[in-house]
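Results of the structural survey
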There are 2 protein chains.
Amino acid sequence: MATISDVAARAGVSTATVSRALNGKSTVDPLLAARVQEAAAELGYHPNGLARNLRRQETAVLALIISDVENPFFTAIARGVEDLAQRSGYSVVLCNSDENEEKERRYIEVALQERVAGVVLSPTGRSTNVEGLRRQGTPLVAVDRPLPAAAGDQVLVDTRHAAAEATRHLLAGGYRRVGCLTGPAGVRTADDRLAGYADVVGEANVRFRRAEYRAEGARLAALELLDEPSPPDALLVANSTMAIGVLEALSSRGLRPGRDVGIVSFDDAPWTTLIDPPLTVVAQPAYEVGRVAAQLLLARISDSSREASTTTLEARLIERKSSRRTG
Amino acid sequence: MATISDVAARAGVSTATVSRALNGKSTVDPLLAARVQEAAAELGYHPNGLARNLRRQETAVLALIISDVENPFFTAIARGVEDLAQRSGYSVVLCNSDENEEKERRYIEVALQERVAGVVLSPTGRSTNVEGLRRQGTPLVAVDRPLPAAAGDQVLVDTRHAAAEATRHLLAGGYRRVGCLTGPAGVRTADDRLAGYADVVGEANVRFRRAEYRAEGARLAALELLDEPSPPDALLVANSTMAIGVLEALSSRGLRPGRDVGIVSFDDAPWTTLIDPPLTVVAQPAYEVGRVAAQLLLARISDSSREASTTTLEARLIERKSSRRTG
DNA sequence: TTGAAAGCGCTAACAT
DNA sequence: ATGTTAGCGCTTTCAA
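Calculation criteria
- Residues numbered from 1 in each chain as written.
- Chains lettered and ligands numbered in written order.
- Predicted model: local features only at pLDDT ≥ 70, side-chain atom pairs only at ≥ 80, totals over all residues.
- Heavy atoms only, no water.
- Helix = DSSP H or I, 4+ residues; strand = E, 2+ residues; numbered from the N terminus.
- Rg over C-alpha atoms; globule rule 2.2 N^0.38 Å.
- Buried < 20%, exposed > 50% of the residue type's maximum accessible area, 1.4 Å probe, protein only.
- Areas by Shrake-Rupley, 256 points an atom, 1.4 Å probe, with all protein chains shown as cover.
- Lys, Arg positive; Asp, Glu negative; His and termini not counted.
- Charge placed at Lys NZ, Arg CZ, Asp CG, Glu CD.
- UniProt positions renumbered as here; feature names shortened; annotations may be inferred.
- Axes fitted to C-alpha atoms, helices over the stretch in contact; angles between N-to-C directions.
- Parallel < 35°, antiparallel > 145°, perpendicular 65-115°, else oblique.
- Left-handed = near helix turned anticlockwise from the far one by under 90°.
- Contact = heavy atoms within 4.5 Å.
- Near = heavy atom within 4 Å.
- Polar contact = N/O pair within 3.5 Å; in protein donor to acceptor, adjacent residues only side chain to side chain.
- Nonpolar A, V, L, I, M, F, W, Y, C, P; charged D, E, K, R; others polar.

Quick look at the overall build of chain A
Broken down by element type, chain A carries 12 helices and 12 strands. Relative to a compact globule of 327 residues, whose C-alpha radius of gyration would be 20 Å, chain A shows 25 Å and is clearly more extended. Principal axes of the C-alpha set define a box for chain A whose edges measure 85 × 40 × 30 Å. Within chain A, the proportion of its 327 residues that are buried is 57%. Summing over all exposed atoms, chain A offers an accessible surface of approximately 13200 Å²; the carbon and sulfur share of this is 48%. Averaging the positions of the 39 positive and the 41 negative side-chain charges in chain A gives two centres separated by 1 Å.

Quick look at the structure:
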């Protein structure tokens, strides 16, 4: 593996000159620079990033730790972060914590050890520990879910409000017994969506189930709800992965979305317009969340004294037929 | 940021002892080890991975460069790679090349510079350049699409064969003018699926369009095909993202999958059973592809002299109603 | 404009 | 069992 000394030897100059030439410093003779470039190319030289970063005490890579690679909401965030980061010369590495606190912990540790320039994190749950990041002074921005203490910037979506709006929409459509299917307790988005729903139906009329943010759990939970003495005639579902399970549950009971059970789900997944009837959704600005997060992170990297900020983006209800009786 | 010397000073030992204690070497007095642990904890010490890896000349991170984070096929591969890697103490960082050769090039460069232990790559297209990896001796395994020269192990899916089987299935279902919608020329999976289809219908009866592996392009291409003088009465679609576009096209023409136009699509995405009629698919063993790839990569990392191998996994046709006239 | 040399933080001989 | 020391590959003063 060719090192800078190999290149220096081949070009007949010092390692300092190679370094300067390869980093485009203006103070180097064009002729020498060319010789260096050539030597580097011939040797297939790739600077050792470890050594470079160790010396420079900085890296041009951001870590993005998300809680589920298979959830379109998070992959859209990833695109947003990436598009913006690339433009500023940063690479972003994606880590999948898989809604698993142990994995999340490991990836934060990796980010710390590899001395990444900054971290975008969608905290997995209750006990996310960002103390290490804070101590090291690694810039951090939380997305989707807030962090216990404001350990950095946050980019959130006003999902409680959106849940309330969706619930009102269902009520306005003539549904009388609106229920809610949400994620695990302690996961802020899950709690907020439930709260927004409860705000509207009133504590006395709450009927809900919790499940993991996964299809299978949601299917079972939906079935339970449907088997109650006074089953819901409409359902607010906390994300698109769960919606899959809910739709399966309905189908297995011979129930048609809209006509029999009104459905509104969070997240405008690509398939939601394909089904019959098309799914009414709460569209979250995921890509934008990612962009803003990256922006804040880069700003904080170049100026660590900035005040921590919280940005809250609005979600948008997209009415389709699954929330209409006449679907 | 605390360094190993800080810990050493605090614990009243040498840096060597700190290093040994923290790395669980057996040759260190339990009492001292405890003192070191304590000092490290108090200082919030995180070993500098850059320095460590520079010294050790190795990293415990794998890079996984995939061509589309929003494609369930690739995220399933990611899970497979991750599950296996984690088990051996490796972390995996995901890079999204976005079907873009420039991005892919950048990420390969990053992988090279950061001296990752190995790379799993789904080559984006024609001109993927893995020369750098080869020269550095960085272990590489290609997934989904083969590499020009056998630059390492490969894990592929026998998609030509699967495409042929799917086409035969359509023909057996009574469809007479089977068409094909595939990805860009030069992308091996796209070419193979087209070839498998052509193998069965015969060169003379080929009717097909190419588009990016995206919904919108596929929608337009499908519309073109449907507007031909002798339009297809069935379609083989090269992936689930394209299938979304195709289904939209059909719907906009008032055509029902199955009854009017038989449909088989590659990839068993989670929503394919939700639509009416449910989609007949060619299910690729994506998770397994990831697992095998990680296995091969780890094997090659520990024994670089291994022969390069090619593993070809079988895809499975799952018959549902979109390929039946009586849907 | 170029080179010599120090040093980033760590680990692994080598000594003790 | 512990400490001393060299050095991984690079960048960056400092001198020339």
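Digging into the UniProt feature "domain: HTH lacI-type" (unreviewed entry) in chain A
The UniProt record annotates "domain: HTH lacI-type" (unreviewed entry) at residues 2-56 of chain A. For residues 2-56 of chain A, helix accounts for 69% and strand for 0%, while the C-alpha atoms at its two ends are 20 Å apart.

Details of the packing of helix α10 (residues 215-226) of chain A against helix α11 (residues 240-252) of chain A
All names here are of chain A. Following both chains from N to C, one finds α10 and α11 inclined at 45°, their axes separated by 7 Å at the closest point. Judged on the interaxial angle alone, α11 and α10 are oblique. Two packed elements cross with a definite hand, and for α10 against α11 that hand is right-handed. Only T241, M242, I244, G245, V246, E248, A249, L250 and S252 of α11 make contact with α10, whose side of the interface consists of A215, A218, R219, A222, L223 and L226.

Quick word on the protein's contact with DNA strand D
Surrounding DNA strand D, one finds 25 residues, the nearest of these being I4(A), Y45(A), R55(A), R20(B) and D29(B). Sugar and phosphate atoms form 65% of the subset of DNA strand D atoms that lie within 4 Å of the protein. Within the backbone of A51(A), a nitrogen or oxygen atom sits 3.3 Å from a base nitrogen of DNA strand D. Here a base nitrogen of DNA strand D and a side-chain polar atom of R20(B) are 2.6 Å apart. Secondary-structure elements contributing two or more residues to the surface near DNA strand D are α2 (15-22) and α4 (49-56) of chain A together with α2 (15-22) and α4 (49-56) of chain B.

Quick look at the protein's contact with DNA strand C
As a matter of local geometry, DNA strand C sits amid 25 residues, with T17(A), R20(A), I4(B), Y45(B) and R55(B) nearest to it. Near-protein atoms of DNA strand C (within 4 Å) split between backbone and bases, with sugar and phosphate holding 66%. In this structure, Q57(A) approaches DNA strand C through a side-chain N or O atom, which is 3.3 Å from a sugar or linking oxygen. Of all the secondary-structure elements, those providing two or more residues to the surface near DNA strand C are α2 and α4 of chain A together with α2 and α4 of chain B. Sorting elements by how many residues they give to the surface near DNA strand C places α4(B) first, with four residues. Residues of the surface near DNA strand C, tallied by class, amount to 10 nonpolar, eight polar and seven charged.

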